[in-house]
Amino acid sequence: MEYNYLVLGSGIAGLTFALHASAHGTVAIITKKQRSESNTNYAQGGIAAAVGQDDSWELHLQDTLIAGAGLCYQPAVETLVKNGPRLVNWLIAMGTDFDRNIEPKETALSLGREGGHGRNRIIHSKDRTGSEIERALLRAIRSHPRIQIWEHFHALDLLMEDGVCHGALALDTATNDVLTIRAGAVMLATGGSGQVYQHTTNPPIATGDGLGMAWRAGAVIANMEFIQFHPTSLYHPEARSFLISEAVRGEGAVLKRLDGHHFMADYDSRADLAPRDIVARAIDFELKRTGDPYVLLDMTHLPAEKTRARFPTIYEHCLRFGIDITSEPIPVVPAAHYVCGGVWTDLDARTTVQNLYACGEVTCTGVHGANRLASNSLLEALVFAERAAIHAAVSLDEPAPLPPGVCKTLPQCAAERNQDEFRSLQAVRESLQKVMWEQVGIARTQDRLKQAMEQLCSLETQAAVPAEPSVEHSELQNLFCAARLITQSALLRKESRGLHYVLDYPEPMEKPPLWTLLKKEP
Ligand code: FAD
Ligand code: SIN
């Protein structure tokens, strides 16, 4: 198969790139499950953009930089916030139906509030913003003559020739055939790696496949130590981690201990609307101190009618587990949510590999720094996907030059494979997730990080390797790659900053490195 552009992934990043790139050539999108299955599809809170009367891109910039704790790459943030309002209008032109105010003016967008934002600037569609965006973009693509979408195609690796990316190898999971898809430019838009952790808000597709493929192809990977734990995922023995949107706190919900104490006011003047790293750490600290299994998110003081109308997904989901959120508080715990690091890209979404672009959660553009501001990731994907398409249409001759900073490599695993001790891929995967949750979680120590590195190496040798390419094995390989990149990056940053909190170095450095850069040994 041969196209001008090959897109890996059908979330907001891949679909946006495909729509823009189709003006310049033929596009194939391959996606490993059905087309809408993506992190995008589960986004609840919304998309941040400075469209309010009292708002400006400068204020959005300022809030993003504050949340990023000194590590944001300012040119990337400026690119994000200046283009935000225009591209939200593009989404609307594509048919996305965002909530609007009835008063004072019917046409004005309804703007919510989330942690770290000094203004109401979260554009949303109830609490299912992501699925509304997916619906609109997939509809625009469905009838497009130049875009072809291949579902249940699992990308295994990038097709590399002399250091240049010419396409990808993909497993057609319906037939088990491995296909070669060639293209002039490849867009990596495979999303995040939340499945590296035992508890995550991410759906099963988020296995770090893009990271693994880019790493093996020799791309530079940046800032993987910065993993965002969302403070509020539903705690229920029978529920897979389900997100309770920060927008709920934006509407006035408060966090309480089981004894009823509103503890966030003890930690930060912004209380429940402090940036996420602060809230997640405060909950983690309270849980460890009290021994309680969860804290409570209380929105029972809000009008029931409004709660049901504004948060129908959360209301219905909790009700399924016997919790009526209008009359009882929600038990919540933190869960892995978002990877701020990823494949390093420049302002045109170029990676350091020729012909390979990357967009969305798989990347590190520098926008999020040490902590992502809520609802900035849908916007990041939207903004940089457009830039990638513009760039790819005119120039493919050069990869992005290496970012400034010292590039390190991952230490090799010393452990050897023992033919008698193979375990099932699923068992190894669960062990990996447990190691990451227990040793590379919200509060870290150098000792635990070193132990995690050793355990990951030893676990990797225990996985039985199937004779034929398989999705399970490919995902596990990529999960190990993501896990080792996170752990090694965490070992390299000898300070606490934003989402990276390490007890041995509790203070931030005066002159921190902007990037933690890793690259495969040549
Ligand atoms: P995704 O949307 O994850 O898309 C990745 C695509 O790649 C999928 O189609 C997947 O199937 C495909 N893929 C992966 N591996 C392969 C492979 N090997 N071969 C082929 N295809 C592959 N952000 C906000 O800004 N606002 C929010 O309100 C918000 N809420 C969130 C709520 C939840 C529950 C979660 C999990 C995340 C939320 N986020 C939010 C984060 C945001 O949704 C994601 O960062 C963003 O959607 C990522 O978009 P993406 O296109 O990069 O990746
Ligand atoms: C949420 O709705 O709380 C998630 C928002 C985000 O991850 O940006």
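Here's the deal with the overall build of the chain
Alright, step 1. A tally of helices and strands in the chain yields 14 helices and 21 strands.
Alright, step 2. Along the first, second and third principal axes, the C-alpha set of the chain runs to 60 × 55 × 45 Å.
Alright, step 3. Relative to its 522 residues, the chain shows a buried fraction of 60%.
Alright, step 4. Counted over contacts in the chain with a minimum sequence separation of 6, partners at least 24 positions apart contribute 74%.
Alright, step 5. Summed over its atoms, the accessible surface of the chain is roughly 20100 Å², and 50% of this surface lies on carbon and sulfur atoms.
Alright, step 6. In the chain, which carries 49 positive and 62 negative side-chain charges, the distance between the mean positions of the two groups comes to 2 Å.

Here's the deal with the pattern of salt bridges
Alright, step 1. If you walk through the whole model with that rule in mind, you get 30 salt bridges.
Alright, step 2. Residues Arg493 and Glu225 are paired through a salt bridge, measuring 2.6 Å at the closest nitrogen-oxygen approach. In this pair, Arg493 sits in the loop between α14 (471-492) and β20 (501-502) while Glu225 sits in the loop between β10 (221-222) and β11 (227-234), placing the two residues 268 residues apart along the sequence.
Alright, step 3. Classification of Arg493 as buried rests on a relative accessible area of 1%.
Alright, step 4. Exposure remark for Glu225: the relative accessible area of 0% places this residue in the buried category.
Alright, step 5. Note that Asp348 and Arg387 form a salt bridge whose closest N and O atoms lie 3.7 Å from each other. Linking Asp348 in the loop between β15 (342-344) and β16 (356-358) with Arg387 in helix α11 (residues 377-394), this pair joins segments that are 39 residues apart in sequence.

What about the nonpolar core?
Alright, step 1. Judged by nonpolar contacts, the single largest core of 60 residues is most densely connected at Leu6, Leu8, Leu188, Tyr197, Val343 and Met436.
Alright, step 2. It is α14 that provides the largest number of residues to this core, a total of 10 residues.
Alright, step 3. Beyond its immediate chain neighbours, meaning those up to four positions away, Tyr197 contacts Ile227, Phe229, Ala336, Gln433, Met436, Trp437, Val440, Gly441, Arg444 and Ile486.
Alright, step 4. Membership of the second largest hydrophobic core comes to 51 residues, among which are Phe17, Ala18, Val27 and Leu379.

A word on the site of ligand 1
Alright, step 1. Near ligand 1 lie 37 residues; those nearest to it are Thr40, Gly46, Asp209, Glu361 and Ser377.
Alright, step 2. Within the backbone of Asn39, a nitrogen or oxygen atom sits 2.9 Å from an oxygen atom of ligand 1.
Alright, step 3. A distance of 2.7 Å separates an oxygen atom of ligand 1 from a polar atom in the side chain of Glu361.
Alright, step 4. Summarising the interface, the protein chains cover 98% of the accessible area of ligand 1, which totals 1000 Å² for the free molecule.
Alright, step 5. When contributions to the shell around ligand 1 are tallied by element, the ones reaching two or more residues are α1 (12-21), β2 (27-31), β7 (153-161), β14 (330-339) and α11.
Alright, step 6. Of the residues forming the shell around ligand 1, the biggest block, three residues, is contributed by β7.
Alright, step 7. Its residues assigned to classes, the shell around ligand 1 shows 12 nonpolar, 20 polar and five charged.

So, helix α4 (residues 129-142)
Residues spaced three or four apart along an α-helix point in a common direction, a consequence of the helix completing one turn every 3.6 residues.
Alright, step 1. Here α4 contains 14 residues, and its C-alpha end-to-end distance of 20 Å stays within 8% of the 20 Å for a straight helix at 1.5 Å per residue.
Alright, step 2. Three or more residues of α4 are buried, namely Thr129, Gly130, Glu132, Ile133, Glu134, Ala136, Leu137, Leu138 and Ile141.

Quick look at the sheet that holds β11
Strand pairing in a sheet takes place through backbone hydrogen bonds and is either antiparallel or parallel in direction.
Alright, step 1. The strand order across the open sheet built from four strands is β11-β14-β13-β12, with neighbouring strands paired in antiparallel fashion. Two strands close off the open sheet at either side, each with one partner strand: β11 and β12 (254-256). This sheet shows a mean twist of 45° between the axes of neighbouring strands, independent of strand direction.
Alright, step 2. Taken together, the three bridges between strand β13 (residues 295-298) and β14 define a ladder with antiparallel strand orientation. The residue bridging Val295 from the neighbouring strand is Val332, located in β14.
Alright, step 3. Contacts from helix α8 (residues 276-290) reach β11, β12, β13 and β14, with the element oriented near 60° to β11.

Observations regarding the site of ligand 2
Alright, step 1. Near ligand 2 you find Gln44, Gly45, Glu114, His230, Leu243, Ser245, Glu246, Arg276, His337, Arg372, Ala374 and Ser375, and these make up its full shell.
Alright, step 2. A distance of 2.6 Å is found between an oxygen atom of ligand 2 and a backbone nitrogen or oxygen belonging to Ser375.
Alright, step 3. Protein chains bury 93% of the 260 Å² of accessible surface belonging to ligand 2 in isolation.
Alright, step 4. Taken together, the residues of the shell around ligand 2 break down into two nonpolar, six polar and four charged.

Considerations on the side chain of Asn223
Alright, step 1. When you line up the elements, Asn223 lands in the loop between β10 and β11.
Alright, step 2. Residue classification places Asn223 among the buried residues on the basis of a relative accessible area of 2%.
Alright, step 3. Reaching out from Asn223, the side chain makes a polar contact with the backbone oxygen of Leu514 at a distance of 3.3 Å.
Alright, step 4. Sequence-distant contacts of Asn223, that is, excluding residues within four places in its chain, are made with Cys340, Gly341, Cys364, Leu514, Trp515 and Thr516.

What counts and what doesn't
Residues numbered from 1 in each chain as written. Chains lettered and ligands numbered in written order. Predicted model: local features only at pLDDT ≥ 70, side-chain atom pairs only at ≥ 80, totals over all residues. Heavy atoms only, no water. Helix = DSSP H or I, 4+ residues; strand = E, 2+ residues; numbered from the N terminus. Buried < 20%, exposed > 50% of the residue type's maximum accessible area, 1.4 Å probe, protein only. Contact = heavy atoms within 4.5 Å. Areas by Shrake-Rupley, 256 points an atom, 1.4 Å probe, with all protein chains shown as cover. Lys, Arg positive; Asp, Glu negative; His and termini not counted. Charge placed at Lys NZ, Arg CZ, Asp CG, Glu CD. Salt bridge = Lys/Arg side-chain N within 4 Å of Asp/Glu carboxyl O. Core = buried A, V, L, I, M, F, W, Y, C linked by side-chain atoms within 4.5 Å. Near = heavy atom within 4 Å. Polar contact = N/O pair within 3.5 Å; in protein donor to acceptor, adjacent residues only side chain to side chain. Nonpolar A, V, L, I, M, F, W, Y, C, P; charged D, E, K, R; others polar. Expected span 1.5 Å × (residues − 1). Pairing = 2+ DSSP bridges. Axes fitted to C-alpha atoms, helices over the stretch in contact; angles between N-to-C directions.

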